[in-house]
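Okay, here's what each chain looks like letter by letter:
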Amino acid sequence: MGIFSKLFKTPGDVLASPAEGKTIDISEVPDPTFSEGILGKGIAIIPTGNTVYSPCDGTIDLMFDTGHAVNIISDTGAEILIHIGLETVSLKGKHFKTFMNSGDKVKKGDKLIEFERQAIADEGFNTVIPMVICNSDAYEEITPEPGKDVVPGDTIITLKKQGA
């Protein structure tokens, strides 16, 4: 580590909120796949809007055909899963519209998915949006920022790679 990096510590990689709403600790998501960290560490957003944006620059690894989820690999190597709602795969694409495809390059803030939040809730689904780092083991620290009112682009997770 050089003298400048010791004097001017960088915060590490940052991930922005993909949606408007309030951040909550991932442990509060009423689904053990997310709350117990089975897929990785992360954060969740209780959405107040109807759009999901890219939290970083990267590549769409997988845009689910149903539009309920997207997996992004950031340009710095984070494998990020954004899942709109719980058990929403069973809607088979109803109430979701995608704007990107698997393999597309994205910039932080690019529109990925629109969803009809109220219609999804009216069908009895929880609309919470978990965002998890699927390769959490690659990071020494994953620092989420729960309890914040956020708009897309606000920092909600800071990542520090192993050995960085």
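Cut-off values and rules
Residues numbered from 1 in each chain as written. Predicted model: local features only at pLDDT ≥ 70, side-chain atom pairs only at ≥ 80, totals over all residues. Heavy atoms only, no water. Pairing = 2+ DSSP bridges. Helix = DSSP H or I, 4+ residues; strand = E, 2+ residues; numbered from the N terminus. Buried < 20%, exposed > 50% of the residue type's maximum accessible area, 1.4 Å probe, protein only.

Turning to the sheet that holds strand 5 (residues 58-63), a few remarks are in order. Strand order in the open sheet formed by eight strands is 9-5-6-7-11-3-2-13, with antiparallel pairing between adjacent strands. The sheet is open, and its two borders are formed by strand 9 (105-106) and strand 13 (149-150), each paired with just one other strand. Pairing of strand 3 (residues 41-47) with strand 11 (residues 129-133), which is carried by five bridges, proceeds in the antiparallel orientation. Of the residues in strand 11, the one forming a bridge with I45 is I129.

To continue, consider the pairing of strand 11. Counting buried residues in strand 11 gives five out of five residues, a clear majority hidden from the surface. Side chains I129, M131 and I133 project from strand 11 onto one buried face, and the interleaved P130 and V132 project onto a second face that is buried too. Pairing analysis gives three bridges linking strand 7 (residues 79-83) to strand 11, with the strands arranged antiparallel. Opposite L81, over in strand 11, you have V132 as the bridge partner.

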